[in-house]
Amino acid sequence: MRKPFPLSSSLEGATAAPARRSLIRNLRLAPWPGQEALLRRMEEELPLRAFARGEDLSLRGEDGALLERALAFLREAGRNAREGRPMEDPEVRHALQELQGGGPGLPEERDASQLIYTTSKGKPVHAYTRGQRAYLEALREHDVTFAIGPAGTGKTYLAVAYALSCLKEARITRIVLVRPVVEAGERLGYLPGDLLEKVEPYLRPLYDAFYDLLSPDRFLRLMDKKVIEIVPLAYMRGRTLNDSFIILDEAQNTTPEQMKMFLTRMGMGSKAVVTGDVTQVDLPQGKESGLRTVEQILSGIPGIAFVRLAPTDVVRHAIVQKIVQAYEDYEGRRQ
């Protein structure tokens, strides 16, 4: 049985908690397409209420500093939208996370220097998050860049986009994408087809990035001319690649020996990028991941950068970020 609520006489001497005052901040702002959806999303993810009527916009909440930051965010979001640069979903998500954490959450200025590449459909490719911006800076400033982080953070996609921009500007003459072939429960010998047909499914995710950035016809032409190569890691032994942009994907599935072999393929005028997620190692039990040991070996060497991306850098469907974070929290509790 529920206990009765105590009478006021039993609370003599107790001090009631002061009621927090609801604050209001107002702004005159010309509405833009998508404004209503953005305001509703802010209400879902931030401790505030939003009201808009014509050009009059009001925010209510108990945190005055948050309301001021949110108004500044809305002012910039509206300006960008009216200039034909509406915020995309990952940008909104990360801006609201920054606002919640005490940051400004202002949309990044997208000037020409921050543009990575423009797709065949005219879509600009740029870094959405703070981690991705650090990654892009590392790609530009270093000969070898390691990008380590969870799935969906754009490790391979941004590297491919930057490689294509280098190819367009004639800073390199070819792009080589490499993946280790790890037998995940199936032996290659039992799979149908010749060797190339057997390994093709392992390389398929690399094709996806190119299909998104290039037209299929242009991609196939570049493949035919060997300007773009997508090869298994084992095929790299003995090669020296000059004036090339070399990307090793899924590097957590390399052994230390394979990692060394890959890194020593670089010739004159080349760049190398190594991407992977050390929480998703598919090597046989007892095999050490080359990605886990490489930072201890190469850290501090000029020209080599290590960038760590976090769940907050995930730019896939919003639920993916929550899934990645939940798994990280679970693994943390187990340890």
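None of these values were measured; they are calculated from a predicted model.

Draft legend 1. The arrangement of the overall build of the protein in detail. Summing up its helical and strand segments, the protein has 10 helices and 11 strands in all. For the protein, the proportion of its 335 residues judged to be buried stands at 44%. Residue pairs at least 24 apart in sequence account for 71% of intrachain contacts in the protein once pairs closer than 6 positions are excluded. Here the protein displays about 19,100 Å² of accessible surface, and carbon together with sulfur accounts for 52% of that area.

Draft legend 2. Spatial organisation of helix α9 (residues 290-298). The complete set of buried residues in α9 reads G290, L291, T293, V294 and L298. Along α9, the residues classed as buried sweep out an arc of 160 degrees about the axis, all on the same side. On its buried side, α9 packs onto β6 (144-148), α8 (256-263), β10 (271-276) and β11 (304-308). Measuring from the side-chain oxygen of the N-cap residue of α9 to the backbone nitrogen of L291 gives 3.3 Å; that N-cap residue is S289.

Draft legend 3. Up close: helix α2 (residues 64-82). The terminal C-alpha atoms of α2 lie 27 Å apart, and with 19 residues this matches the ideal 27 Å at 1.5 Å per residue to within 8%. Every buried residue of α2 is listed here: G64, L66, L67, A70, L71, F73, L74, A77, G78, N80 and A81. Turning to α2, the residues buried within the fold contact β1 (23-28), α1 (35-45), β3 (56-61) and α3 (89-100). Measuring from the side-chain oxygen of the N-cap residue of α2 to the backbone nitrogen of A65 gives 3.1 Å; that N-cap residue is D63.

Draft legend 4. Local environment of the pattern of salt bridges. All told, the structure shown has 16 salt bridges when counted by the stated rule. For E43, the salt bridge is made with R49, and the minimal N-O distance between the two is 3.2 Å. Among the salt bridges present, the one from E295 reaches R308, with a minimum N-O distance of 2.7 Å. Of this pair, E295 sits in helix α9 while R308 is found in strand β11, placing the two residues 13 residues apart along the sequence. Relative accessible area serves as the criterion here: at 53%, R308 is assigned to the exposed category. When salt bridges with common partners are traced through the structure, they connect E36, R40, E43 and R49 into a single cluster.

Draft legend 5. View of a positive patch on the surface. Positive charge collects at one region of the surface, where K168, R218, R221 and K225 lie side by side. You can call R221 partly exposed: its relative accessible area is 45%.

Draft legend 6. Up close: a nonpolar patch on the surface. Together, I319, I323 and Y327 make up an exposed nonpolar region whose accessible area comes to about 320 Å². Following the sequence through the fold, Y327 ends up in helix α10 (residues 318-334).

Draft legend 7. The packing of aromatic side chains, seen in detail. The final tally for this structure, using the stated rule, is five aromatic pairs. The interplanar angle of 70 degrees and the centroid separation of 5.9 Å between the aromatic rings of Y162 and F245 together place this pair among those described as edge-to-face. Of the two residues, Y162 is situated in helix α5 (residues 155-168) and F245 in strand β9 (residues 244-248); the sequence distance between them amounts to 83 residues. Taking the relative accessible area as the measure of exposure, Y162 reaches 3% and is therefore buried.

Draft legend 8. Representation of the nonpolar core. The biggest cluster of nonpolar side chains holds 39 residues, and the ones touching the most others in it are I175, F210, I228, I230 and F245. Going through the elements one at a time, α4 (130-141), α5, β7 (174-179), α6 (195-213), α7 (216-224), β8 (228-232), β9 and β11 are the ones with two or more residues in this core. Among the elements that make up this core, the one with the highest residue count is α5 (nine residues). Sequence-distant contacts of I228, that is, excluding residues within four places in its chain, are made with I175, F210, L214, F219, L222 and M223.

Draft legend 9. Representation of the sheet that holds β1 in the model. Read from one edge of the open sheet, three strands run β1-β3-β2, paired in antiparallel fashion. Only two strands of the sheet have a single partner each, and these edge strands are β1 and β2 (49-53). Across the sheet, the mean angle from the axis of one strand to that of its neighbour is 15 degrees, orientation sign disregarded. Set on the sheet, α1 makes contact with β2 and β3; between it and β2 the angle comes to about 160 degrees. Its contacts with the sheet put α2 on β1 and β3, and the angle it makes with β1 is roughly 15 degrees.

Calculation criteria
Residues numbered from 1 in each chain as written. Predicted model: local features only at pLDDT ≥ 70, side-chain atom pairs only at ≥ 80, totals over all residues. Heavy atoms only, no water. Helix = DSSP H or I, 4+ residues; strand = E, 2+ residues; numbered from the N terminus. Buried < 20%, exposed > 50% of the residue type's maximum accessible area, 1.4 Å probe, protein only. Contact = heavy atoms within 4.5 Å. Areas by Shrake-Rupley, 256 points an atom, 1.4 Å probe, with all protein chains shown as cover. Arc of directions from axis to C-beta. Polar contact = N/O pair within 3.5 Å; in protein donor to acceptor, adjacent residues only side chain to side chain. Expected span 1.5 Å × (residues − 1). Salt bridge = Lys/Arg side-chain N within 4 Å of Asp/Glu carboxyl O. Patch = residues over 30% accessible without salt bridge, like charges linked within 9 Å, V, L, I, M, F, W, Y side chains within 5 Å. Lys, Arg positive; Asp, Glu negative; His and termini not counted. Charge placed at Lys NZ, Arg CZ, Asp CG, Glu CD. Phe/Tyr/Trp six-rings, centres within 6.5 Å; stacked < 30°, edge-to-face > 60°. Core = buried A, V, L, I, M, F, W, Y, C linked by side-chain atoms within 4.5 Å. Pairing = 2+ DSSP bridges. Axes fitted to C-alpha atoms, helices over the stretch in contact; angles between N-to-C directions.

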